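Given next are the chains, with one letter for each unit.
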Amino acid sequence: MTGFEHEINKCYIIAEIANAAQGVVEANYELIDLASRAGANAVKFQFYRYDFLAAKSYSKYDIYQNTFYTEKERLDFVSYAAGKGLDIWVDVFDRWGLGVVEKCLPQLSGIKIPPTIVLDTSLVNAIASLGLPVAIGVGGYDDEDIDFVLSQFQEKTNSFLMYGFQGFPSKEEDTVLSRIAYLKKKYKLKIGFADHV
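Residues numbered from 1 in each chain as written. Predicted model: local features only at pLDDT ≥ 70, side-chain atom pairs only at ≥ 80, totals over all residues. Heavy atoms only, no water.

Regarding the pairing of strand S2 (residues 42–47)
The side chains of a regular strand alternate, residue by residue, between the two faces of the sheet.
So, point 1. The element S2 is largely enclosed, with a buried count of six among its six residues.
So, point 2. Across the two faces of S2 the burial is the same, with Ala42, Lys44 and Gln46 and Val43, Phe45 and Phe47 all buried.
So, point 3. Direction of pairing for strand S1 (residues 14–16) relative to S2: parallel, over a ladder of three bridges. Bridged to Glu16 within S2 is Lys44.
So, point 4. Sheet topology places S2 next to strand S3 (residues 87–92); six bridges connect them, and they run parallel. Each bridged residue has a counterpart across the sheet, and for Phe47 the counterpart in S3 is Val92. (Buried < 20%, exposed > 50% of the residue type's maximum accessible area, 1.4 Å probe, protein only. Helix = DSSP H or I, 4+ residues; strand = E, 2+ residues; numbered from the N terminus. Pairing = 2+ DSSP bridges.)

Right, here's the structure in full:
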């Protein structure tokens with residue numbers, strides 16, 4: 001059992017590594033160490049390949065390319081975090097990232113479906129078929145879109161919604177925390193909050 005399953009009725013903290021290391025491999029290990037020392041339950045990585053994620057004409061393409069980690073580097077990050085006793089979650093942004101996830105599946109505690117791929121039916125179905133708990137990113141989505149995504153999950157007991165305004169940095173007045181209670185009442189699922197303040 002993962003810590004996520006053990007602490008189902010408690011606050012479960014996922015420290016998002018994402019691109020905080022700005023492409024510096026060694027800094028990822030430092031961030032994992034900091035998350036562990038701070039008492040986080042888990043760390044979360046983002047798995048994507050820059051040329052799968054964006055077109056060269058996209059304004060952030062160079063950033064994605066310059067902060068890219070190879071498959072081996074990502075697998076090493078996962079192994080290191082597992083060695084620290086942390087649960088490991090991964091945002092899957094594309095099919096390349098899904099392929100990397102499949103190579104470290106036994107070490108993972110869950111997958112997050114980011115809002116940017118929520119409507120990519122084939123990728124969402126592939127993620128759902130992995131059999132791990134799934135955090136479904138719903139920041140910026142209306143009920144109709146959430147209904148559509150949830151319809152792809154036959155077994156919802158391992159799914160929860162991850163709410164949060166997606167701007168960086170988010171203004172406190174844009175977070176609309178009252179929506180959390182609404183989503184919980186409507187969907188009868190656990191709700192997470194992705195803080196981008």
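A few points about the side chain of Lys44
So, point 1. Here Lys44 is to be found in strand S2.
So, point 2. On the basis of relative accessibility, which here comes to 7%, the residue Lys44 falls in the buried class.
So, point 3. Reaching out from Lys44, the side chain makes a polar contact with the side chain of Asp91 at a distance of 2.4 Å.
So, point 4. Discounting chain neighbours no more than four positions away, the residues touching Lys44 are Ile14, Ala15, Glu16, Ile17, Ala18, Trp89, Val90, Asp91 and Lys112. (Polar contact = N/O pair within 3.5 Å; in protein donor to acceptor, adjacent residues only side chain to side chain. Contact = heavy atoms within 4.5 Å.)

So, the sheet that holds S3
So, point 1. With parallel pairing, seven strands are arranged side by side in an open sheet as S1-S2-S3-S4-S5-S6-S7. Taken across any chain shown, the strands that pair with only one partner, and hence form the sheet edges, are S1 and strand S7 (190–193). With direction set aside, neighbouring strand axes in the sheet form an average angle of 30 degrees.
So, point 2. Here strand S4 (residues 110–113) pairs with strand S5 (residues 134–137) via three bridges, running parallel. Each residue of the ladder has a partner; that of Lys112, found in S5, is Ala135. (Axes fitted to C-alpha atoms, helices over the stretch in contact; angles between N-to-C directions.)

Section: the packing of aromatic side chains
So, point 1. In the structure shown here, the tally under the stated rule is 13 aromatic pairs.
So, point 2. For the ring pair Tyr29 and Phe77, a centre distance of 5.4 Å and an interplane angle of 75 degrees mean the geometry is edge-to-face. One end of the pair, Tyr29, is in helix H2 (residues 25–38); the other, Phe77, is in helix H5 (residues 71–83), and 48 residues separate them in sequence.
So, point 3. Aromatic pair Tyr58 and Tyr64: ring centres 6.1 Å apart, planes at 20 degrees, arrangement stacked.
So, point 4. What makes Tyr64 buried here is its relative accessible area of 18%.
So, point 5. An aromatic cluster is defined as three or more aromatic residues linked by ring pairs; in this entry it consists of Tyr29, Phe45, Tyr69, Phe77 and Tyr80.
So, point 6. Here the guanidinium or amino end of Arg74 rests over the ring plane of Tyr48, the centre of that ring lying 5.2 Å away. (Phe/Tyr/Trp six-rings, centres within 6.5 Å; stacked < 30°, edge-to-face > 60°. Lys NZ or Arg CZ within 6 Å of the ring centre and 35° of its normal.)

So yeah, pure geometry; function would need other evidence.
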